[in-house]
Amino acid sequence: MVLNCVASPCKRGRMLALVKRHLKPGGHFFLMIPRRCVENSPYCTSNYLEKLLLAVGLEVLKLKHSPKVVFVCAMRIPASLETRRVYSRISSVDGVSYCFTAPPTVLAEVSGLSSSQMTDDFAVCCSEEDFS
């Protein structure tokens, strides 16, 4: 799946939520995204993408950066773990809070970078129903 080809941030989030619903528990999912989308966007980083996938029920098993592409291998959280996991639209990791609902907001971890470094407006966000 090439997520950046989807037209809007909310449609990208919806697509990820639908992927989870199509996978069997324990099923695998592969995502490719241009590296610039997670390195040059004020709205998305690799860490944000990983936490968003977890919030919709997909655990990242492997994330690899090649010179131009980020590859993600994720697995639908098995049913035994899924029933115990509480998905959240807001996640706090290492003191950084991520809000996954629309509209996309500038991430604190990239706020110190100059606008010349933030040349991509790639974003992913979800609606409340995507977390069920």
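Below is a summary of the structure that appears in this document. Everything numeric here is computed off the predicted structure, so don't read it as measured data.

## Re the pattern of salt bridges
Right, on to step 1. All chains considered together, the criterion is met by two salt bridges.
Right, on to step 2. In this structure, Glu39 and Arg35 form a salt bridge, with 2.5 Å as the shortest nitrogen-oxygen distance. Of this pair, Glu39 and Arg35 both sit in helix H2 (residues 35–39), separated by four residues, roughly a single helical turn.
Right, on to step 3. Since its relative accessible area comes to 24%, Arg35 is described here as partly exposed.
Right, on to step 4. Of the charged contacts, one joins Asp120 and Arg36 as a salt bridge, the two residues approaching to 2.2 Å between their closest N and O atoms. With a gap of 84 residues between them, Asp120 in the segment after strand S5 (96–99) and Arg36 in helix H2 connect regions that are remote in the sequence.
Right, on to step 5. Owing to a relative accessible area of 11%, Asp120 belongs among the buried residues under this scheme.

## Quick notes on the sheet that holds strand S2 (residues 58–65)
Right, on to step 1. Spatially, S1-S3-S2 is the arrangement adopted by the three strands of the open sheet, whose pairing is antiparallel. Either end of the sheet is taken by a strand with one partner, and the two such strands are strand S1 (28–34) and S2. With direction set aside, neighbouring strand axes in the sheet form an average angle of 20 degrees.
Right, on to step 2. One ladder, built from seven bridges, connects S1 with strand S3 (residues 69–76); its direction is antiparallel. Among the inter-strand pairings, Phe30 is bridged to a residue of S3, identified as Cys73.
Right, on to step 3. Packing of helix H1 (residues 9–22) onto the sheet brings it into contact with S1, S2 and S3, and relative to S2 it is tilted by some 120 degrees.
Right, on to step 4. On top of the sheet, helix H3 (residues 46–55) reaches S1, S2 and S3; it is set at about 155 degrees to S2, its chief contact.

## Topic: H1
Right, on to step 1. Taking 1.5 Å of rise per residue, the 14 residues of H1 would be expected to cover 20 Å, and the 20 Å separating its terminal C-alpha atoms lies within 8% of that figure.
Right, on to step 2. Taken together, the buried positions of H1 are Arg12, Gly13, Leu16, Ala17, Val19 and Lys20. Around the axis of H1, the buried residues are gathered within 150 degrees of arc, so they sit on the same side. In H1, those exposed residues whose orientation departs by more than 90 degrees from the buried face are Lys11 and His22.

Rules used in this analysis
- Residues numbered from 1 in each chain as written.
- Predicted model: local features only at pLDDT ≥ 70, side-chain atom pairs only at ≥ 80, totals over all residues.
- Heavy atoms only, no water.
- Salt bridge = Lys/Arg side-chain N within 4 Å of Asp/Glu carboxyl O.
- Helix = DSSP H or I, 4+ residues; strand = E, 2+ residues; numbered from the N terminus.
- Buried < 20%, exposed > 50% of the residue type's maximum accessible area, 1.4 Å probe, protein only.
- Pairing = 2+ DSSP bridges.
- Axes fitted to C-alpha atoms, helices over the stretch in contact; angles between N-to-C directions.
- Contact = heavy atoms within 4.5 Å.
- Expected span 1.5 Å × (residues − 1).
- Arc of directions from axis to C-beta.

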